Amino acid sequence: MTDVTLSSKNPTAVKAEALVVATAQTSDGVAVVSDQLPTDLLTQLETLAPQLGVTGARDEVRKIPAGDKLAADVLVLTGLGERAEDGTFATETLRRAAGAATRELAGLKSAAIALPASDDAEITAVTEGALLGAYAFNRYRTSGKAAPKAAANAGAKDAKAAGKDAAKNGKDPVAAIEILTPLHKNAKAKLAAERAAILAAAVHATRDLVNTAPNELYPATFADAAKAAAKDVKHLKVTVLDDKQLASGGYGGLTAVGQGSSRGPRLVKVAYTPAKPGAKIALVGKGITFDSGGISIKPAAGMEAMKSDMAGAAAVLSTVVAAAKLNLPVAVTGYLCLAENMPGGNAQRPADVITIYGGKTVEVLNTDAEGRIVMADGLVSAVEDGHDVVLDIATLTGAQMVALGSRTSAVMGSDDVRDEVKAAADASGELFWPMPLPEELTANIKSKVADVANSGPRWGGMLNAGLFLRTFVGDHPWAHLDIAGPAFNEGGAHGYTSGGGTGVGVRTLLTFVEGRAAAAAALPAK
């Protein structure tokens, strides 16, 4: 993880391999957003902007030699787009610009960032963006020829060392970042930077899990990863139900989906319980470690991205761990619903009827609508455990992408909880859009033989799935977050968002939990 510090150094004097400065679009061309760089340097940069290809647009990053007026080696210009009418920039704009810059600085040891950071909100945004952009997943990269050759000529122990020491094809993120701000000694600013580091670590942990190959990450090893993440974190406990315990305990959803794989399902509870918690929050995550579609098998093209079908569970795990590290005064329990959906000889079939934990029956019409089935077990368990509110998060439907695209997630559920999630998303900088759960669509999931069917018509598919989940929470305060598209970036990196796993949802969930913690703290003592 990249180290981050706050510093009051003048940008001209900071000795770093790269100095990051913002640019903005203006009616006259380009402005360099800095009140500390020499006037003649600003004039020179703005005059040469067209020749340098600098426009100041969002997500634009240009690197040029720093010259003799700066102590840094390279000057990095990152675009903010146009200013608001009051002359400022939105915090999400700063977050994205910082992240876009640090993405381009992989392989460097040090960088200084001189973006606007004159209040707590700006410091938070710049620090978060810088750390979120400083990410790379190089676990499987080797030097190509050197590592295998070294391994072939070495013993097992030496071969392992040779693999570790082999040069990576991919570059590691920038090692250390200084955020230049006049508030470097301010207590709130320091806390904001510390929180940003914890938050970024949670997002990176989520990305790592999503990016891990499915032959390595399956329900049992995911459960092991949860135990490892919780190790040495105060007030955090992990409980694992294996496939035999799930079957005997009546968790029919997880059992049915997982029975087609040689690697059985798991239900993992990750419980953060501080002393005298002011509220109890449940987070339920879909954890299909690989989704072939089962007997209703998916098309081969693009199936490799289905290693990301556990992104909801990964976000839940990381959020609970982050809440514990922040010592938030609320209890948060994550329910990781883990299974591998495979078309094995023992796989569930269309027309099967299964019994979810708690007793409701489901007619399976489509084995590729498996996520909602495992989530049903987790939702019933979460409601049974008596939480004040239940949120679930899942890469649930392709219909989410049809409706909202690949960057905007959906949220639906109890009106007040749905709106609270949307507010948390807005505050965190993540894109969520509220969706309805129309009563008339409940006919779409009616079964001729069971309490409910797991699939309905194509039209309103995202809402059908939400209504299915609502069947298992009843009137309990609840919201469902569908992150199918935004969880895995199959296109080019942008802003602070890497290719592959994005870690979407962590920031929204953590902000929601922090909001509940603040509300609980504001209540009069009993």
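Keep in mind the model is a prediction, meaning the values are calculated, not measured.

Turning our eyes to something else, we now look at the side chain of S261. Summarising the element assignment, S261 is placed in the loop between α9 (252-258) and β9 (266-272). Given the relative accessible area of 12%, S261 is considered buried. Within the structure, S261 has its side chain in polar contact with the side chain of E340 (distance 2.6 Å).

It is worth spelling out the sheet that holds strand β17 (residues 452-453) at this point. On the basis of which strands lie adjacent, the open sheet formed by 3 strands has the order β12-β13-β17 and mixed pairing. Looking at strand neighbours, the two that pair on one side only are β12 (353-355) and β17, the edges of this open sheet.

Here A134 is to be found in the loop between α3 (120-133) and α4 (146-152). With 38 residues separating them in the primary sequence, A134 and D172 have C-alpha atoms 8.5 Å apart.

This part is about the sheet that holds strand β18 (residues 478-482). Taking strand neighbours across the sheet as the criterion, the 8 strands line up as β8-β9-β11-β10-β14-β18-β15-β16 in an open arrangement whose pairing is mixed. The open sheet has two edge strands, β8 (236-241) and β16 (432-434), and neither has a second partner. Along the sheet, successive strands turn relative to each other by an average axial angle of 20 degrees, direction set aside. Here 3 bridges tie strand β15 (residues 409-413) to β16, and the two strands are oriented parallel to one another. Bridging across to β16, V411 finds its partner in P434. With respect to the sheet, helix α10 (residues 311-325) is in contact with β8, β9, β10 (280-291), β11 (331-341) and β14 (389-394), its orientation differing from that of β10 by roughly 140 degrees. Running at roughly 145 degrees to β18, helix α14 (residues 461-470) makes contact with β14, β15 and β18 of the sheet.

A few words on the pattern of salt bridges. Under the criterion given, the structure shown has 22 salt bridges. For the salt bridge of D40 with K69, the shortest nitrogen-to-oxygen distance reads 2.9 Å. With D40 in helix α1 (residues 39-52) and K69 in the loop between β4 (61-65) and β5 (74-82), this pair connects stretches of sequence that are 29 residues apart. For D40, a relative accessible area of 43% corresponds to the partly exposed category. Salt-bridge contacts for R195 lead to E514; the nearest nitrogen and oxygen are separated by 2.8 Å. Placement of R195 in helix α6 (residues 187-211) and of E514 in helix α15 (residues 506-522) is noted, with a sequence separation of 319 residues between them. With a relative accessible area of 19%, R195 lands in the buried category. Among the ionic contacts, a cluster of salt bridges with common partners joins E92, R95, E128, R195, R507 and E514.

Our focus in this paragraph is the environment of L6. Turning to its location among the elements, L6 is positioned in strand β1 (residues 3-7). Between the alpha carbons of L6 and A112 there is a distance of 9.7 Å; along the sequence they are 106 residues apart. When near neighbours in sequence (up to four residues on either side) are disregarded, L6 contacts I123, T127, I179, T181, H184, A189, K190 and A193.

Take α3 next. In a regular helix each residue adds 1.5 Å, so 14 residues correspond to 20 Å; α3 covers 20 Å between its end C-alpha atoms and thus fits that length. Among the 14 residues in α3, 12 count as buried, and that is most of the element. Inspection of α3 places E122, I123, T124, A125, V126, T127, E128, G129, A130, L131, L132 and G133 among the buried residues, and these make up the whole buried set.

Across soluble globular proteins, you tend to see nonpolar side chains buried next to one another. Among the nonpolar cores identified, the biggest contains 61 residues, and F222, L236, L336 and L391 are the most heavily contacted of them. Element by element, the count of residues in this core is highest for α10, at 11 residues. Not counting chain neighbours up to four residues away, the residues in contact with L336 comprise F222, A226, R266, L267, V268, V270, G285, A313, V316 and L317.

The next point concerns the confidence of the model for the chain. Detailed reading of predicted coordinates is not advised where the pLDDT is low. Residue-level pLDDT values for the chain average 94, and 94% of them are 70 or greater. Overall, residues 144-168 carries pLDDT values under 50, and its contacts beyond four positions in sequence, including any with other chains, amount to 10 contacts.

Okay, the packing of aromatic side chains next. Following the criterion strictly, the structure yields 3 aromatic pairs and no others. Taken together, a centroid distance of 4.2 Å and an interplanar angle of 0 degrees make the contact between Y251 and Y357 stacked. Taken together, the residues span a long stretch of sequence, with Y251 in the loop between α8 (243-249) and α9 and Y357 in the loop between β12 and β13 (361-363) at a distance of 106 residues. Classification of Y251 as buried rests on a relative accessible area of 7%. Classification of Y357 by relative accessible area gives buried; the value is 16%. Aromatic side chains F468 and F472 sit 5.2 Å apart centroid to centroid with 55 degrees between the ring planes, which places their arrangement in the tilted category. Of the two residues, F468 and F472, neither departs from the other in class, the shared state being buried. The ring centre of Y135 lies 5.1 Å from the NZ or CZ of R207, which sits over that ring.

Of note, D59 is a non-glycine position whose phi angle comes to about 70 degrees, a positive value. One can find D59 in the loop between α1 and β4. Overall, D59 belongs to the partly exposed group, its relative accessible area being 27%. Phi is positive for H235, which is not a glycine, with a value near 65 degrees. Structurally, H235 is set in the loop between α7 (219-230) and β8. The partly exposed category is assigned to H235, whose relative accessible area is 44%.

Definitions and limits used
- Every chain is numbered on its own, with residues counted from 1 as its sequence reads.
- Totals for whole chains, interfaces and linings use all residues, but because this is a predicted model, local features are given only for residues with pLDDT of at least 70 and pairs of side-chain atoms are given and counted only at 80 or more.
- Water and hydrogen atoms play no part in the side-chain values, which are based on all heavy atoms of the structure.
- Put simply, DSSP H or I for four residues or longer makes a helix, DSSP E for two residues or longer makes a strand, and each gets a number counted from the N terminus.
- Classification of residues uses two cut-offs on accessible area relative to the type maximum, computed with a 1.4 Å probe and protein chains only: under 20% is buried, over 50% is exposed, and between them is partly exposed.
- Polar contact criterion, stated in full: a pair of N or O atoms within 3.5 Å, where within protein one must be able to donate a hydrogen and the other to accept it, and residues adjacent in sequence count only if both atoms are side-chain atoms.
- Two strands qualify as a pair provided that DSSP identifies no fewer than 2 bridges between them.
- Here, axes are lines fitted to C-alpha atoms. For helices the fit covers the stretch in contact, and angles between N-to-C directions go from 0 to 180 degrees.
- A contact between two residues is defined here by any heavy atoms of the two lying within 4.5 Å.
- Criterion for a salt bridge: a side-chain nitrogen of Lys or Arg within 4 Å of a carboxyl oxygen of Asp or Glu.
- One less than the residue count of a helix, multiplied by 1.5 Å, gives the span that helix is expected to have.
- To form a nonpolar core, buried Ala, Val, Leu, Ile, Met, Phe, Trp, Tyr and Cys residues must be joined to one another through side-chain atoms within 4.5 Å.
- What pLDDT expresses is the predictor's confidence in each residue, scored from 0 to 100.
- For Phe, Tyr and Trp, where Trp contributes only its six-membered ring, two rings pair if their centres lie within 6.5 Å, and the inter-plane angle classes them as stacked under 30 degrees, edge-to-face over 60, or tilted in between.
- Counting as a charge over the ring demands two things of the Lys NZ or Arg CZ atom: a distance within 6 Å of the ring centre and an angle within 35 degrees of the ring normal.

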